[in-house]
Structure formats: structure tokens, C-alpha cells
Amino acid sequence: QVQLVESGGGLVQAGGSLRLSCAASGRTFSSYRMVWFRRAPGKEREFVASISWIGGSTYYADSVKGRFTISRDNAKNTVYLQMNSLEPDDTAVYYCAAAPSYGDVRSPSTYKYWGQGTQVTVSS
């Protein structure tokens, strides 16, 4: 079993930055894909960004492209999400998830392991 724990959320003004971390423990595999989703109030869970454990290939939602950067530290089993130029529409609970590198990267159903989430609030 894999456990995921997110941290780094908080309150920030529009235009500011935050860095989220997702620490993985338990059984992890280099073939896994790591991903960030978010869920805003009254909205469905939305794909944000993903990264492959091997090679580090990345994929971003159009809404965050150019503002967010996903990265990983394989030795620490940790994935990061650097968020710059934050906007009020970025306000959401952000979740880290993991799954084998197979299936639709944008679909929540692809991922079998989830963290508890960390709140990000962007004020105008």
C-alpha cells in the first residue's frame, strides 16, 4: 500500500506563489505516474498536472500551463507543485495521487492512491 501526504497549502494574495509537497511512503514503483488534482467549492475534481517517475515527462492542464511547475525528487519519494501567479480561481483543495503509468492521465478514476488534500486559498 502507498500513503501520500500533502503539505504546503495556505492563504496567499493574487499574484503570489506557493509550493506544495507530496511525500509518498510504502510500496512505490518507478513506473508510477504522480499527479495533482484540485477540487474547488461546488466543483468536480479537476486535473492539474502529472509527472512520470522515470524520465520526468510532464503534462499540464491548460488553465495552469506557464504558471505551475510539477517536479519530483526520486530519492525522497516526493513530488512538488510550484504555483506562481496565483489567481482566485486557483482556490481549491489540492490532492496528490498515484497510479501505474497507464490509462487516461486526466481521469481521477485512473488513480488508486490519494492523499488527504491541502487547502489553497487565493484572495483578490
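A few points on the structure. (Residues numbered from 1 in each chain as written. Predicted model: local features only at pLDDT ≥ 70, side-chain atom pairs only at ≥ 80, totals over all residues. Heavy atoms only, no water.)

### Description of the overall build of the protein
Counting secondary structure elements, the protein contains 0 helices and 11 strands. In the protein, the succession of helices and strands from N to C terminus is β-β-β-β-β-β-β-β-β-β-β. Relative to the 2.2 N^0.38 estimate, which gives 14 Å for 124 residues, the radius of gyration of the protein is 13 Å and therefore close to what a compact globule would have. C-alpha extents for the protein along the principal axes are approximately 40 × 25 × 25 Å. Out of the 124 residues belonging to the protein, those deemed buried represent 45%. Put simply, of all contacts in the protein between residues at least 6 apart along the chain, 57% involve residues at least 24 apart. (Helix = DSSP H or I, 4+ residues; strand = E, 2+ residues; numbered from the N terminus. Rg over C-alpha atoms; globule rule 2.2 N^0.38 Å. Buried < 20%, exposed > 50% of the residue type's maximum accessible area, 1.4 Å probe, protein only. Contact = heavy atoms within 4.5 Å.)

### Focus: the state of the cysteines
Counted by the stated rule, this structure contains 1 disulfide. Paired by a disulfide, cysteine 22 and cysteine 96 hold their sulfur atoms 2.1 Å apart. The S-S bond linking cysteine 22 to cysteine 96 shows a torsion near -80 degrees; that makes this disulfide left-handed. With cysteine 22 in strand β3 (residues 18–26) and cysteine 96 in strand β9 (residues 92–100), this residue pair connects regions lying 74 residues apart in the sequence. (Disulfide = S-S within 2.5 Å.)

### Thoughts on unusual backbone geometry
Even without being glycine, asparagine 77 reaches a positive phi, approximately 50 degrees. In this structure asparagine 77 comes out as partly exposed when scored by relative accessible area, which is 23%. With phi around 50 degrees, serine 85 is a residue other than glycine that occupies positive phi space. Inspection of the secondary structure puts serine 85 in the loop between β8 (78–83) and β9.

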